[in-house]
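# Breakdown of the fold
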Amino acid sequence: MPFYEFRCQDCGHQFTKNVSWLKKHTLTCPKCDSRKLQEVFGLNYLGSKDSGSSGAAGGGGGGCSPFG
Ligand SMILES: [Zn+2]
């Protein structure tokens, strides 16, 4: 199913929606109901320069259980 990612230019809310190409322009922001939506291409555009493993990584041990 084609999922598209949109970003509201008014409130900055980002959301995904599975909508057909012809109906994309009818979408509105679920938060502020704005129609100034910008389609976001490439979810991994925030490419970080992580090369290999790096030290100095502090990890706080907590008691996280998969079951709440
Ligand atoms: Zn909005």
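None of the values given here were measured: they were computed from a predicted structure. (Residues numbered from 1 in each chain as written. Predicted model: local features only at pLDDT ≥ 70, side-chain atom pairs only at ≥ 80, totals over all residues.)

## Quick word on the overall build of the chain
Going by this rule: A run of H or I in DSSP becomes a helix once it reaches four residues, and a run of E becomes a strand once it reaches two; helices and strands are each numbered from the N terminus. Partly exposed residues are those whose C-beta has more than 12 but fewer than 20 other C-beta atoms within 10 Å; with 20 or more the residue is buried, with 12 or fewer it is exposed, and the C-beta atoms are placed from the backbone. The contact criterion used here is simple: two residues whose C-beta atoms, placed from the backbone, lie within 7 Å are in contact.
Along its length, the chain carries zero helices and three strands. Walking the chain from its N terminus toward its C terminus, one meets helices and strands in the order β-β-β. The buried share of the chain, taken over its 68 residues, is 6%. Considering only contacts within the chain whose residues lie at least 6 apart along the sequence, 39% involve residues at least 24 apart.

## Considerations on unusual backbone geometry
Most peptide bonds adopt trans geometry, and most residues besides glycine take a negative phi value. For D33, which is not glycine, the phi torsion reads 65° and is therefore positive. For D33, the position within the fold is in the loop between β2 (14-17) and β3 (37-40).

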